[in-house]
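Observations on chain architecture
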Amino acid sequence: WETVIFLFRTKMSLNTIQPFVRSFPPATQVLGACALGFSLLSMLSTTCSVFFSLTPAYVISGPYLPHFWTLVSGGLVERHLVNLLVFLPVLVLAAKKLETIWASNQFAIFILVVLVGTGVSSFFTMIALYSFTMHEPYIFSPVGGLCGVVGALIVGLRQIYPEQQLELFGFNTKIGYRLLPSLYVLLCVIIRGPLHISFAVYGTYFGWVYIRFFKKNDFLHTVGDSSEEFAFAQFFPLFCRPVVNIFSTVAYKMAVCMHIISAQPSAGQSSLPLTVPGTSSSSAGVTTQSKAVSDRRRARALQALDEKLALMANQPDIPLDDDSPVHTEESDAVPPSAPAAATVAV
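Every chain's residues receive numbers from 1 upward, in the order its sequence appears when written. Totals for whole chains, interfaces and linings use every residue, but because this is a predicted model, local features are given only for residues with pLDDT of at least 70 and side-chain atom pairs only at 80 or more, for both listing and counting. Only hydrogens and water are set aside when side-chain values are computed; all heavy atoms of the structure are taken into account.

Some details on the side chain of Lys215
Rules: We count a stretch as a helix when DSSP gives it H or I for four or more residues in a row; a strand needs E for two or more, and each element gets its number in order from the N terminus. Note on exposure labels: buried denotes an accessible area under 20% of the residue type's maximum, exposed denotes more than 50%, and partly exposed covers the range between, all computed with a 1.4 Å probe on protein chains only.
Tracing the sequence through the fold places Lys215 in the loop between helix H11 (197–214) and strand S3 (216–217). Look at Lys215 and you get buried, because its relative accessible area is 14%.

Printed below as a string of structure tokens:
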């Protein structure tokens, strides 16, 4: 009977969980399952922790073979239960919202780019730190965590909701999405150890790089987001933006010189129509051309409205609607005694 009751409870719990899991898009389900599975296995077994976590020394020469796959899996492993309980709900909720808007293929490419970029950059950062300091924990301690992917997802939400404020459990936090990525990185620097800072920083940065320069918009047939409000300096407070602009401009010119992105003739970096190497620049210029056309139409409409209002001020009886009936001379005529009567009344 105990076995029957156990099986019945297990079936009931599965029937309750399945609708909840199916409410998430497919790529979000895979992402959440990998993060939960890798993290629980790493907590339960040291061998699994070495197998999934990014240990720079083992990437070069592992116990049996180089653990090159940890450059990707390291961004999906949390080795502490508290961190898993904090980051996993944020991960799946933000991923669900982005995948619903972007479609599954675009979202999957975004996550893969962030994981690879974060893992490779963190690996070389740890190797460089070890070369300068000869401090062995830089290459023999496992690094990683969900903070990198969560940072990239926050950047995606910031691009979609730049003017909205963050709400947690129905409570308005008064924190806008505009500065949320920089606040998130600052919080990770404070609460996470020095070995894990690189994942938070690189994850947030590569999330912005992909959306800014490489993410394709199938509806508008454009590449990237060249709007001024999504410039890298806009992630920071006003007093930091001039300094950030200097570094971002240098990084942009280096990327152009390395043919990672294509430069377009424009007055500033933020208004560049961006293209991916190997694609035509005609589709990438749609954003700038459309903006120019809309600005010209808006200016002509405002000018026509001003002329209409000025005409009405001079002749009050002329209606705004061109389809209205035209007044006759008899209706427009003013009795000669009207001004005098008005004067007496005053």
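A look at the confidence of the model for the protein
Inclusion rule: Every residue gets a pLDDT, meaning the predictor's confidence in that residue, from 0 to 100. Contacts between residues were defined by any pair of non-hydrogen atoms, one from each residue, lying within 4.5 Å.
Within the protein, residue pLDDT values average 74, and 67% of them lie at 70 or more. Across residues 3–8, where pLDDT falls below 50, the model places zero contacts with residues more than four positions away in sequence or in other chains. Low confidence marks residues 264–290, where pLDDT is under 50. Its contacts with residues over four positions away, or in another chain, come to 46 contacts.

So, the packing of aromatic side chains
Inclusion rule: Pairing of aromatic side chains here covers Phe, Tyr and the six-membered ring of Trp, requires ring centres within 6.5 Å, and sorts the geometry by plane angle: under 30 degrees stacked, over 60 edge-to-face, intermediate tilted.
Applying the stated criterion across every chain yields a total of 16 aromatic pairs. For the pair Phe232 and Phe235, a centre-to-centre distance of 6.0 Å together with 45° between the ring planes defines the contact as tilted. Linked through ring pairs, Tyr202, Tyr205, Phe206, Trp208, Phe213, Phe214, Phe230, Phe232 and Phe235 together constitute an aromatic cluster.

With respect to the environment of Met43
Considering the arrangement of structural elements, one finds Met43 in helix H2 (residues 26–44). On the basis of relative accessibility, which here comes to 29%, the residue Met43 falls in the partly exposed class. Residues Met43 and Glu78, spaced 35 residues apart in sequence, show a C-alpha to C-alpha distance of 8.2 Å. Beyond its immediate sequence surroundings of up to four residues, Met43 is in contact with Glu78, Arg79, His80, Leu81 and Leu84.

Some details on the nonpolar core
Stated formally: By convention a nonpolar core is built from buried Ala, Val, Leu, Ile, Met, Phe, Trp, Tyr and Cys residues, the set being connected through side-chain atoms within 4.5 Å.
Counting residues in each nonpolar core, the largest one holds 53 residues, and the members touching the most others are Leu91, Phe107, Phe110 and Leu153. Among the elements of the structure, H2, helix H6 (81–102), helix H7 (104–133), helix H9 (147–160), helix H10 (180–191), H11 and helix H12 (241–257) are those that each provide at least two residues to this core. It is H6 that contributes the most residues to this core, nine residues altogether.

Regarding empty space enclosed by the protein
Definition in use: Both cavities and pockets are sets of points on a 1 Å grid over the protein atoms alone; in a cavity a 1.4 Å probe fits but cannot get out, in a pocket the set is open with protein on both sides within 12 Å along at least five of seven lines, and lining residues sit with an atom within 4 Å of a point. Grid points are joined across faces, edges and corners, and a volume is the space filled by probe spheres set on the points.
With the rule as written, the count across this model stands at one cavity of 30 Å³ or more. Computed from the structure, the largest cavity encloses a volume of approximately 30 Å³. Around the largest cavity, the lining residues are Gly75, Val114, Leu115, Thr118, Gly148, Val149 and Phe199. For the lining of the largest cavity, the elements supplying multiple residues, two or more each, are H7 and H9. Take the lining of the largest cavity: its biggest share by element is three residues, from H7.

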